[in-house]
Amino acid sequence: MRLRPGCARGQASVEVVAFLPVLVIAAGGAFEALAAGAGRELAGHAAEAGAIALAEGGDPRAAAADAVPDWSRGGLRIRIDGTRVTVRLAPPAPARAVSDLLASEATADAGQAP
């Protein structure tokens, strides 16, 4: 079978292959946005857990770390300043700069010092 000049046979396959990298990048961006949103919620929960532990005389660092799932502990930073517990959580990302850009921080106060 001879193809005529200007025939578009196989054109759809070429377009799909050319579009795949765009699709992969868009899916990765959506995943990172979801991970950043989850990180924001988890940072808040961890800060609250740490503040409650601090108010009850427990270990606020351990409580905050226990409040987040294992996958997020790599980007977890906990700071205690008096009765305030601040948690910074950077979501997992392919590049450190992206992870730092999407990091969330939350602070909770345990109340007045006794």
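Below or above, wherever it landed, is the structure these notes cover. (Residues numbered from 1 in each chain as written. Predicted model: local features only at pLDDT ≥ 70, side-chain atom pairs only at ≥ 80, totals over all residues. Heavy atoms only, no water.)

## With respect to the nonpolar core
- Within the largest apolar cluster, 15 residues are counted, with the highest numbers of intra-cluster contacts made by Leu76, Ile78 and Val87.
- Elements supplying a minimum of two residues to this core: α1 (11-55), α2 (60-66), β1 (76-81), β2 (84-89) and β3 (104-109).
- With 5 residues, α1 is the single largest residue contributor to this core.
- Beyond its immediate stretch of four places on either side in the chain, Ile78 contacts Arg61, Ala64, Ala65, Val85, Thr86 and Val87. (Core = buried A, V, L, I, M, F, W, Y, C linked by side-chain atoms within 4.5 Å. Buried < 20%, exposed > 50% of the residue type's maximum accessible area, 1.4 Å probe, protein only. Helix = DSSP H or I, 4+ residues; strand = E, 2+ residues; numbered from the N terminus. Contact = heavy atoms within 4.5 Å.)

## Digging into the environment of Leu34
- Within the secondary structure layout, Leu34 lies in helix α1.
- Residue classification places Leu34 among the exposed positions, given a relative accessible area of 64%.
- With 57 residues separating them in the primary sequence, Leu34 and Pro91 have C-alpha atoms 9.5 Å apart.

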